[in-house]
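Breakdown of the fold
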Amino acid sequence: MKKSFLLFAVLTFFAALGLHAQSAGNVTKMINTEKASWGQVSYFAAVAQGLVSEDASNESAFAVIQKAGIAGADKNALTAITFAELAHVCAQTWKVDNSLMYRLAPSPRYAFTMFRANGIISRNADPDSVPDGHEVLNIMNAAMEFAADGKGGN
């Protein structure tokens, strides 16, 4: 039962993002990751935005995300990403800004609060803890669906 749900989640993620050409290896690596990194999250965000091709490395995707101002200069592709930072990347990627505070001060803190209020991130998640790969894919998929449903704001 768990395997079929996981397979369904992966297939839904592929279909929803339109990343059919993307390497299944990257999704598999992400699912098996215990502590997600900025590079891994940047890869999925940059591919979803069409900023890099699906054969790009995590490092090159991270450089694009960092150049866009989403990742700070103190981060690198191997740095673990927190739930708050992940929420900020997702909010920027899918233009989710249905929170007044996030619109006024778009930061990881307010992105996390906005995502938690909208049910995208669990209420008991700690903004400073590091999500595993499965949680990252679930949050990215939920953020994308939220934005596609027209609930994301602009």
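Check the entry above for the structure.
From a predicted model like this one, the values you see are computed outputs, not experimental measurements.

1. Comments concerning the overall build of the protein
- Scanning the protein from N- to C-terminus turns up 8 helices and 0 strands.
- Start at the N end of the protein and walk to the C end: the helices and strands fall as α-α-α-α-α-α-α-α.
- When burial is assessed residue by residue, the protein has 44% of its 154 residues classed as buried.
- Across the protein, the fraction of contacts at a sequence separation of at least 24, relative to all contacts at a separation of at least 6, is 58%.

2. Looking at the nonpolar core
- If you look at the biggest cluster of nonpolar residues, it comprises 44 residues, and the most contacted ones within it are Val41, Leu86, Cys90, Phe115, Ile121, Ile139 and Met140.
- Not counting chain neighbours up to four residues away, the residues in contact with Ile121 comprise Phe83, Ala87, Phe112, Phe115, Arg116 and Ile139.

3. A short note on the packing of helix 5 (residues 83-93) against helix 8 (residues 133-148)
- Helix 8 packs onto helix 5 with a crossing angle of 35° between their chain directions and a minimal axis gap of 10 Å. The crossing of helix 5 and helix 8 is right-handed. Contacts from Phe83, Leu86 and Cys90 in helix 5 reach Glu135, Val136, Ile139, Met140 and Ala143 in helix 8.
- Split by residue class, the contact of helix 5 with helix 8 holds 7 nonpolar, no polar and 1 charged.

4. Thoughts on the packing of helix 3 (residues 38-49) against helix 8
- Their axes nearest at 11 Å, the elements helix 3 and helix 8 cross at an angle of 25°. The orientation of helix 3 with respect to helix 8, classified from their angle, is roughly parallel. As helix 3 packs across helix 8, the resulting crossing turns out to be right-handed. When helix 3 is examined against helix 8, the residues Val41, Phe44 and Ala45 are found in contact with a partner set consisting of Val136, Leu137 and Met140.
- For the contact of helix 3 with helix 8, the class distribution of residues is 6 nonpolar, no polar and no charged.

5. Some remarks on a nonpolar patch on the surface
- A cluster of nonpolar side chains, namely Leu100, Met101 and Leu104, defines an oily patch on the protein surface of about 320 Å² accessible area.
- Considering the arrangement of structural elements, one finds Met101 in helix 6 (residues 100-104).

6. Things to note about the pattern of salt bridges
- The tally for this structure, following the rule as stated, stands at 1 salt bridge.
- A salt bridge links Glu85 to Lys75, with the shortest nitrogen-to-oxygen separation between them at 3.0 Å. Taken together, the residues span a long stretch of sequence, with Glu85 in helix 5 and Lys75 in the loop between helix 4 (58-67) and helix 5 at a distance of 10 residues.

Conventions adopted
- Per chain, residues are indexed from 1 in the order of the written sequence.
- Where totals are concerned, whole chains, interfaces and linings use all residues; where local detail is concerned, this predicted model gives features only for residues with pLDDT of at least 70, and gives and counts side-chain atom pairs only at 80 or more.
- The basis for every side-chain value is the complete set of heavy atoms in the structure, and neither hydrogens nor water enter the calculation.
- Going along the chain from the N terminus, every DSSP run of H or I of four or more residues is numbered as a helix, and every run of E of two or more is numbered as a strand.
- Accessibility here uses a 1.4 Å probe with only protein chains present; expressed as a share of the type maximum, an area under 20% marks a residue as buried, one over 50% as exposed, and anything in between as partly exposed.
- Pairs of residues are marked as contacts when any of their non-hydrogen atoms sit within 4.5 Å.
- In this text, buried Ala, Val, Leu, Ile, Met, Phe, Trp, Tyr and Cys residues form a nonpolar core when linked through side-chain atoms within 4.5 Å.
- Axis lines are fitted to C-alpha atoms, over the contacting stretch for helices. Their N-to-C directions set the angle, which ranges from 0 to 180 degrees.
- Two helices that cross are described as forming a left-handed crossing if the nearer one is turned anticlockwise from the farther one by less than a right angle, and a right-handed crossing if clockwise.
- Three residue categories are used. Nonpolar comprises Ala, Val, Leu, Ile, Met, Phe, Trp, Tyr, Cys and Pro, charged comprises Asp, Glu, Lys and Arg, and polar comprises the others, including Gly.
- When an angle is under 35 degrees it counts as roughly parallel; over 145 it counts as roughly antiparallel; between 65 and 115 it counts as roughly perpendicular; any other value is oblique.
- Surface patches are defined over residues having more than 30% relative accessible area and no salt bridge, joining like charges when they lie within 9 Å and nonpolar side chains (Val, Leu, Ile, Met, Phe, Trp, Tyr) when within 5 Å.
- Method for areas: the Shrake-Rupley scheme with a 1.4 Å probe, in which residue coverage is limited to the protein chains shown.
- Counted as salt bridges are all cases of a side-chain nitrogen of Lys or Arg within 4 Å of a carboxyl oxygen of Asp or Glu.

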